[in-house]
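# Close look at the chain arrangement
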Amino acid sequence: MGREARMIQVPPSQVTPQLRELFGPNVPASLRCFSVLDSHSEGQVWVDTLPSPSWGIVREAAFGSLYFGGAPDAAIISDMIASLKNQGDVLIGLWPEDDLLQMLPPNPEYVGSVLEFGNHLFGDSLSNLLGPIPVGCQLRRLDRGLFQHSMMANYFTGVYGSIEKTLKRGMGLCLVRGEEILSEGSAGPSANGIIEIGVETSEQRQRCGYAALVCAHLIKECEEQGFVTYWNCDTQNAASIALARKLGYPTEKEYKLTAWFR
């Protein structure tokens, strides 16, 4: 990295309130950033100086998303991207009007759009999805045994780092028939009272309503615990968008996703 002397890597366990305050809650998918800062999920943190930095950069491990707090300059951003793409994918999500878009290096490998869904309404649309459970099936919380067959195992370990941390920090709900996982939902990471919902359904079991059933129960449980739930997907993922709307998310905001790949 060309400007290593100007960057200090900080273990998330040593993040100070001053550092945390550099990051705003209204950037796209901000809960992933704060989840790293709060040591709820895996990631890396850099600053220019301690104990009172003027800028900070957070990278969450699961997707490789970067978040900028304070005012890092274009050279710092460019150097960070060049260094990190040797380790894995680098994703940056920004609102279309964000001035940081003009500071990103030219010629990214991908430019697309993402929708985030919020302000979930627990109404009839969700209540109608809560049952009945298909004959011969049951809903089970993710445990060590199910983890071995999980379709989301790589995602879980990317977010939390290990099976043990996944079972401690995350929340998984699986629709199973015998030993087969038909569909599984995840809740997490969480930050600032918000928790992200995701789902995966085996290809041969899609279009059966299983994802909606699992997510409805998972959202109900999260909201009963006091969380605000959150949904995020690529604008090209028509199935995920339709499911979010079906589950009762009335607010949709689109942002730009720029990426460089390892």
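Described below are features of the structure shown in this document. (Residues numbered from 1 in each chain as written. Predicted model: local features only at pLDDT ≥ 70, side-chain atom pairs only at ≥ 80, totals over all residues. Heavy atoms only, no water.)

### So, the layout of surface pockets
So the rule is basically this: Lining residues are those with an atom within 4 Å of a point, where the points come from a 1 Å grid over the protein atoms alone and group into cavities, where a 1.4 Å probe fits but cannot get out, or pockets, open sets with protein on both sides within 12 Å along at least five of seven lines. Grid points are joined across faces, edges and corners, and a volume is the space filled by probe spheres set on the points. Helical segments are the DSSP runs of H or I of at least four residues, strand segments are the runs of E of at least two, and each set is numbered from the N terminus. Nonpolar residues are Ala, Val, Leu, Ile, Met, Phe, Trp, Tyr, Cys and Pro. Charged residues are Asp, Glu, Lys and Arg, and all others, Gly as well, are polar.
Volume-wise, the largest pocket comes out at about 1100 Å³. Taken together, 43 residues line the largest pocket, and the ones lying closest to its centre are Val199, Asn232, Cys233, Asn237 and Ser240. Elements with a contribution of two residues or more to the lining of the largest pocket: strand E4 (66-70), strand E5 (90-94), helix H6 (153-160), strand E10 (194-201), helix H8 (210-224), strand E11 (228-234), helix H9 (238-247) and strand E12 (251-260). When residues in the lining of the largest pocket are grouped by element, the largest group, six residues, is from E10. Split by residue class, the lining of the largest pocket holds 25 nonpolar, 11 polar and seven charged. Here the second largest pocket defines a volume of roughly 390 Å³. Here the lining of the second largest pocket is built from residues that sort into 11 nonpolar, seven polar and two charged.

### Observations regarding empty space enclosed by the protein
A full pass over the atoms with the stated rule returns one cavity of 30 Å³ or more. Empty space within the largest cavity amounts to approximately 60 Å³. For the lining of the largest cavity, the residue count by class is six nonpolar, one polar and four charged.

### What to know about the pattern of salt bridges
Selection criterion: Salt bridges are identified by distance alone: a Lys or Arg side-chain nitrogen within 4 Å of an Asp or Glu carboxyl oxygen. Here's how the labels work: a residue is buried when its accessible area is under 20% of the maximum for its type, exposed when over 50%, partly exposed in between, all with a 1.4 Å probe on protein chains only.
Inspection of every chain in the model, using the stated rule, returns nine salt bridges. Across the pair glutamate 221 and arginine 141 runs a salt bridge whose closest N-O atoms are separated by 2.7 Å. Of the two residues, glutamate 221 sits in helix H8 while arginine 141 sits in strand E7 (residues 138-141), which places them 80 residues apart along the sequence. The partly exposed category is assigned to glutamate 221, whose relative accessible area is 22%. Residue class for arginine 141 comes out partly exposed when judged on its relative accessible area of 40%. Put simply, arginine 245 and glutamate 252 hold a salt bridge, and the shortest N to O gap is 2.8 Å. The partly exposed category is assigned to glutamate 252, whose relative accessible area is 33%.

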